[in-house]
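# Structural features, examined
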Amino acid sequence: SSPDSEGVSPELEKAGLLNKTKIAEGGRKLRKNWNPSWVVLVGNSLVFFKDPKSQNPDSWKPGNSRPESSVDLRGAQLQWANDLSSKKNVFKLRTITGNEFLLQSETDSLIREWYRTIQNVIDRLDKE
Ligand code: I3P
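### Some details on the overall build of the chain
- The number of helices and strands found in the chain is 1 helix and 8 strands.
- Helices and strands in the chain line up, N terminus first, as β-β-β-β-β-β-β-β-α.
- Per-residue burial for the chain yields a buried fraction of 39% across its 128 residues.
- When contacts within the chain are restricted to residue pairs at least 6 apart in sequence, long-range pairs at least 24 apart make up 50% of them.

Structure, rendered in structure tokens:
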């Protein structure tokens, strides 16, 4: 993060384009609806943007474009979930409140890097 933002905004860990579908809300199963999503990992949250215009690393900043939704990673669980989709490179993120998302990329290295980075945040929060 830039020196200016230190102490003002939480740290931007990662941002990029992934395919996303929500598959459960509060434990209740939902019908899949895959869409490209600009995903931003910042502080303890994964933030989703759907507006293509917001697909740049500055978008998550307060006052900029409005996120579609945001996920608290504290107590969340991550697992590879290629059994839950016909697509390759799919993992499932389950929040403590029972919301479940599938995230996917055609690029193996990219999805592995996302998995590793999100798991690191979950592990860090587990130790707090
Ligand atoms: C779904 C759509 C999804 C697919 C899902 C289908 O059909 O094709 O892309 O998930 O499979 O049910 P619809 O558009 O009619 O809702 P994947 O792409 O992840 O395979 P599923 O029901 O086996 O999860």
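### As for the site of the ligand
- The ligand sits among Arg-31, Lys-32, Trp-34, Ser-85, Ser-86 and Lys-87.
- Interatomic distance of 2.8 Å between a side-chain N/O atom of Trp-34 and an oxygen atom of the ligand.
- Ser-86 is positioned with one of its side-chain polar atoms (N or O) 2.7 Å from an oxygen atom of the ligand.
- Within the complex, 45% of the 510 Å² of free accessible area of the ligand lies under protein.

### Focus: the environment of Leu-125
- Turning to its location among the elements, Leu-125 is positioned in helix H1 (residues 108-127).
- Under the relative-accessibility criterion, Leu-125 is labelled buried at 3%.
- Expressed as a C-alpha distance, the spacing of Leu-125 and Gly-75, which sit 50 residues apart in the sequence, is 7.5 Å.
- Residues contacting Leu-125, with those up to four places away along its chain left out, are Asn-44, Leu-73 and Arg-74.

### Examining the pattern of salt bridges
- If you walk through the whole model with that rule in mind, you get 9 salt bridges.
- Among the ionic pairs, Glu-13 bridges to Arg-124, the shortest N-O distance being 3.4 Å. Placement of the pair is Glu-13 in strand E1 (residues 12-25) and Arg-124 in helix H1, with a sequence separation of 111 residues.
- Judged by relative accessible area, Glu-13 falls into the partly exposed class, the value being 35%.
- Here Arg-124 and Glu-128 are joined by a salt bridge, their closest N and O atoms 3.9 Å apart.
- With relative accessibility at 34%, the residue Arg-124 sits in the partly exposed group.
- Given the relative accessible area of 61%, Glu-128 is considered exposed.
- Sharing partners across several salt bridges, the network here consists of Glu-13, Arg-74, Arg-124 and Glu-128.

### A look at the layout of surface pockets
- For the largest pocket, the calculated volume is near 170 Å³.
- Residue lining of the largest pocket: Lys-20, Thr-21, Lys-22, Arg-31, Lys-32, Asn-33, Asn-35, Pro-36, Ser-37, Lys-50 and Glu-68, and that is the complete set.

What counts as what
Residues numbered from 1 in each chain as written. Predicted model: local features only at pLDDT ≥ 70, side-chain atom pairs only at ≥ 80, totals over all residues. Heavy atoms only, no water. Helix = DSSP H or I, 4+ residues; strand = E, 2+ residues; numbered from the N terminus. Buried < 20%, exposed > 50% of the residue type's maximum accessible area, 1.4 Å probe, protein only. Contact = heavy atoms within 4.5 Å. Near = heavy atom within 4 Å. Polar contact = N/O pair within 3.5 Å; in protein donor to acceptor, adjacent residues only side chain to side chain. Areas by Shrake-Rupley, 256 points an atom, 1.4 Å probe, with all protein chains shown as cover. Salt bridge = Lys/Arg side-chain N within 4 Å of Asp/Glu carboxyl O. 1 Å grid on protein atoms, 1.4 Å probe; cavity = no way out; pocket = protein on both sides within 12 Å on 5 of 7 lines; lining within 4 Å. Points joined across faces, edges and corners; volume = space filled by probe spheres on them.

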